[in-house]
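# Structural characterization, general
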Amino acid sequence: MATTKNSSAMPNMIETFKEFKDTKNIDRTTLVSVLEESFRNVIAKIYGSDENFDVIVNPDKGDFEIYRNRIVVGDGEVQDSNKQISLSDARKIEPDYEEGEEVSERVEFTKFGRRAILNLRQTLASKILELEHDSLYNKYKDRVGQIVSGEVYQTWKREVLLVDDEGNEMILPKAEQIPVDQYRKGETIRAIVLRVDNENNNPKIILSRTSPVFLERLLEAEVPEINDGLISIKKIARMPGERAKIAVESYDERIDPVGACVGVKGSRVHGIVRELGNENIDVINYTTNTKLFIQRALSPAKISSITIDEETRKAEVFLKPEEVSLAIGRSGLNIKLASMLTEYTIDVFREIEDDEAEEDIYLDEFADEVDQWIIDAIKAIGLDTAKAVINAPREMLVEKADLEEETVDNLIKILKAEFEN
């Protein structure tokens, strides 16, 4: 009964491996090598050694043959029954065998017993999994930073599981998703390969839609001049799903890099904007002139003057009152992106009109009306006088000094009242 079960199990095992080969595109040499190694592992466990066995695998037909080779010795002289056979036993196979000759005898693997077959299955399963992992890792390790497509298979709170056209799994973590994105099972989405983790030979493909590189690759696909090397993307700053700033440079003076990237009536960025959840895209000309670069980065605001400190990488920007809100942007988005793009900490200040140029007052003078910790928080961001606080944007005071809006409003009210009085 056991022999019947074993013999029926063998073809299924080979068919399983053959099916794996067809779907994973494992080359024939690797396939034969893995099958042979798996058989030899089991043979070695049974006989103590596999060196005198020939294993012939034919994966195309789904069959195999195993032969054991033994040397003929005199009767009573057998010391290793795995590698030697007595003359009388050899002549039962072929009557004309002589001592010293080699006997090659076919071995029926199914006769090894159920344990051996289970052992072989486990070995094969382990090798198949190892090959699958190697194949997946090798496929994606050189694709980091490239755009891939995947079908949404499952959505969870912290990540989305996608599968590629070969059924390989890819992970899009919550942190790498654009906030406005919504994923439905079965839909195809695009992302870049952020990294390939391979802990314990268990590759995990991590994708991203929030990386600046994703926007860069989308631009390369839409703007031929970038792909041809005529325009270079120098820097990208993104607040995924909200707004992005891109600095570009042309290597051909006849080409306007900003116009080429945007396209006629925005035709070249429309598709990208939709892909990124209506993320607004600002394209500016790159320059090595730091002051000019910061000025361009803060567009659409028009700047009156800039002072920079290259050592601390800080910039103080002065604007007319009506330009301050443009420089800061909604929720401080414009100034944040400009700082990310230029890699400078940017502080904006409202220009003082001539009729406002009164004598200033140090903040410490208000200690009887304002808590000292509030004064210290304001001074910590470089503002020492009442006029400096009044002329600084409210949003900057809230964010940089880490104060409540009500606290900032009350402080400004107290300082303004002093000058009004």
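Figured I'd write up the structure that's included with this text. (Residues numbered from 1 in each chain as written. Predicted model: local features only at pLDDT ≥ 70, side-chain atom pairs only at ≥ 80, totals over all residues. Heavy atoms only, no water.)

## Focus on the sheet that holds strand 10 (residues 231-239)
With mixed pairing, three strands are arranged side by side in an open sheet as 10-11-12. Two strands lie at the open edges of the sheet, namely strand 10 and strand 12 (280-285), each paired on one side alone. Neighbour-to-neighbour, the strand axes of this sheet turn through a mean angle of 20 degrees, independent of strand direction. Pairing analysis gives six bridges linking strand 11 (residues 243-250) to strand 12, with the strands arranged parallel. Each bridged residue has a counterpart across the sheet, and for Ile246 the counterpart in strand 12 is Val283. (Pairing = 2+ DSSP bridges. Helix = DSSP H or I, 4+ residues; strand = E, 2+ residues; numbered from the N terminus. Axes fitted to C-alpha atoms, helices over the stretch in contact; angles between N-to-C directions.)

## What about unusual backbone geometry?
The phi angle of most residues is negative, glycine excepted, and most peptide bonds adopt the trans form. For the bond from Ser299 to Pro300, the omega torsion is 15 degrees, close enough to zero to count as cis. The residue Pro300 is located in the loop between helix 9 (290-297) and strand 13 (305-309) in this model. The phi dihedral of Lys265 falls on the positive side, at around 55 degrees, and the residue is not glycine. With respect to the helices and strands, the residue Lys265 is situated in the loop between helix 7 (257-262) and helix 8 (267-275). Phi at Ser331 takes a positive value of approximately 60 degrees, unusual for a residue other than glycine. For Ser331, the position within the fold is in the loop between helix 10 (321-328) and helix 11 (333-342). Judged by relative accessible area, Ser331 falls into the exposed class, the value being 58%. (Buried < 20%, exposed > 50% of the residue type's maximum accessible area, 1.4 Å probe, protein only.)

## A word on the packing of helix 9 against helix 11
Axis separation between helix 9 and helix 11 bottoms out at 9 Å; the angle between their running directions is 145 degrees. The crossing of helix 9 and helix 11 is right-handed. Seen from helix 9, the contacting residues are Phe293, Ile294 and Ala297; seen from helix 11, they are Asn334, Ala338, Leu341 and Thr342. When its residues are assigned to classes, the contact of helix 9 with helix 11 shows five nonpolar, two polar and no charged. (Left-handed = near helix turned anticlockwise from the far one by under 90°. Contact = heavy atoms within 4.5 Å. Nonpolar A, V, L, I, M, F, W, Y, C, P; charged D, E, K, R; others polar.)

## Remarks on the sheet that holds strand 15 (residues 345-350)
A sheet is described by the order of its strands in space; here three strands give the open sequence 13-14-15, paired in mixed fashion. At either end of the open sheet lies a strand with only one pairing partner, and these are strand 13 and strand 15. Taking each pair of neighbouring strands and ignoring which way they run, the sheet shows an average axis angle of 20 degrees. Here strand 13 runs beside strand 14 (residues 314-319); their pairing, made up of five bridges, is antiparallel. Residue pairing for strand 14: Asp309 is matched across the bridge by Lys314.

## A word on the pattern of salt bridges
Inspection of the entire model under this criterion finds 27 salt bridges. Residue Arg195 pairs with Asp197 through a salt bridge whose shortest N-O separation is 3.1 Å. Between Arg243 and Asp282 there is a salt bridge, and its shortest N-O distance comes to 2.8 Å. With a gap of 39 residues between them, Arg243 in strand 11 and Asp282 in strand 12 connect regions that are remote in the sequence. Judged by relative accessible area, which is 16%, Arg243 ranks as buried. (Salt bridge = Lys/Arg side-chain N within 4 Å of Asp/Glu carboxyl O.)

## Topic: the packing of helix 10 against helix 11
One can describe the packing of helix 10 onto helix 11 by two numbers: an axis separation of 5 Å at closest approach and a directional angle of 65 degrees. Classed by the angle they form, the pair helix 10 and helix 11 counts as roughly perpendicular. Here Leu326, Ala327 and Ile328 of helix 10 come into contact with helix 11, specifically with Leu333, Asn334 and Ile335. (Parallel < 35°, antiparallel > 145°, perpendicular 65-115°, else oblique.)

## Description of the side chain of Glu176
You can see Glu176 is positioned in the loop between strand 7 (169-173) and strand 8 (188-197). Side chain to side chain, Glu176 and Thr210 meet in a polar contact 3.1 Å long. Beyond its immediate sequence surroundings of up to four residues, Glu176 is in contact with Leu194, Leu207, Ser208, Arg209 and Thr210. (Polar contact = N/O pair within 3.5 Å; in protein donor to acceptor, adjacent residues only side chain to side chain.)

## Section: the packing of aromatic side chains
Taken as a whole and assessed by the stated rule, the structure comprises four aromatic pairs. Considering the side-chain rings of Tyr47 and Phe53, the 5.0 Å spacing of their centres and the 40 degrees angle between planes classify their relative orientation as tilted. Of the residues examined, Tyr47 reaches a relative accessible area of 26% and is grouped as partly exposed. Among the residues examined, Phe53 registers a relative accessible area of 1% and is labelled buried. Seen from the ring of Tyr153, Lys185 lies directly overhead, with NZ or CZ sitting 5.1 Å from the centre. (Phe/Tyr/Trp six-rings, centres within 6.5 Å; stacked < 30°, edge-to-face > 60°. Lys NZ or Arg CZ within 6 Å of the ring centre and 35° of its normal.)

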